[in-house]
Amino acid sequence: PTRSRGLGDVYKRQCRVFESDANFILVKFPHHVIPGLKEELVAQGLIVKFFTEPGFVGYARISLGTEEENARLMEAILRAWPALEAEGASGGEVA
């Protein structure tokens, strides 16, 4: 099993998940979803480090927790994704 198991749905949503043996994974999100995704995760009490440093804009460091915590995060991302994609398709704000 991989450390990013359960993130397969994110792959399908134009993200790149980097494999890791550490207690976190690095994910590259499409720029247009980042502002809304950050807002949604914060509203749900989920903290994800979105990088703003040159060369890492669009990347997020996601700490891996318990299976329940990881499932909660994935559910939040997947629940928010359709609206974020629609916003991007309609010319929404780009990070």
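For the structure, check the block above.
So, here is what we can say about the structure in this document. (Residues numbered from 1 in each chain as written. Predicted model: local features only at pLDDT ≥ 70, side-chain atom pairs only at ≥ 80, totals over all residues. Heavy atoms only, no water.)

Let us look at the nonpolar core. One finds Phe-29, Leu-41, Phe-50 and Ile-77 to be the most contacted residues of the largest nonpolar core, which totals 22 residues. Elements supplying a minimum of two residues to this core: strand E2 (24–28), helix H2 (34–43), strand E4 (59–63) and helix H3 (67–89). With seven residues, the single largest contributor to this core is H3. Excluding anything up to four places from it in sequence, Phe-50 contacts Phe-29, Ile-34, Leu-37, Lys-38, Leu-41, Tyr-59 and Ala-60. (Core = buried A, V, L, I, M, F, W, Y, C linked by side-chain atoms within 4.5 Å. Buried < 20%, exposed > 50% of the residue type's maximum accessible area, 1.4 Å probe, protein only. Helix = DSSP H or I, 4+ residues; strand = E, 2+ residues; numbered from the N terminus. Contact = heavy atoms within 4.5 Å.)

Pairing is antiparallel across the open sheet formed by four strands, whose spatial order is E1-E2-E4-E3. The open sheet has two edge strands with one neighbour each: strand E1 (16–18) and strand E3 (49–50). Sheet topology places E3 next to E4; two bridges connect them, and they run antiparallel. Bridge pairing links Phe-50 to Ala-60 in E4. (Pairing = 2+ DSSP bridges.)

What follows concerns the environment of Pro-82. Structurally, Pro-82 can be placed in helix H3. Counting along the chain gives 49 residues from Pro-82 to Val-33, while the straight-line C-alpha distance between them is 9.9 Å.

Our focus in this paragraph is the packing of aromatic side chains. Tallying each qualifying case throughout the model produces five aromatic pairs. With centroids separated by 5.9 Å and ring planes inclined at 45 degrees, the aromatic side chains of Phe-29 and Phe-50 adopt a geometry described as tilted. A residue pair is termed long-range when its members are at least 10 positions apart, and Phe-29 in the loop between E2 and H2 and Phe-50 in strand E3 qualify at 21 residues. Overall, the relative accessible area of 10% leaves Phe-50 in the buried class. A ring pair is formed by Phe-56 and Tyr-59, whose centres lie 5.7 Å apart and whose planes are at 70 degrees; its orientation type is edge-to-face. A relative accessible area of 41% places Phe-56 in the partly exposed class. Accessibility expressed as a relative area gives 16% for Tyr-59, which makes it buried. An aromatic cluster of at least three residues, connected via ring pairs, comprises Phe-18, Phe-51, Phe-56 and Tyr-59. In this structure, Arg-61 packs its charged tip against the face of Phe-24, placed 4.0 Å from the ring centre. (Phe/Tyr/Trp six-rings, centres within 6.5 Å; stacked < 30°, edge-to-face > 60°. Lys NZ or Arg CZ within 6 Å of the ring centre and 35° of its normal.)

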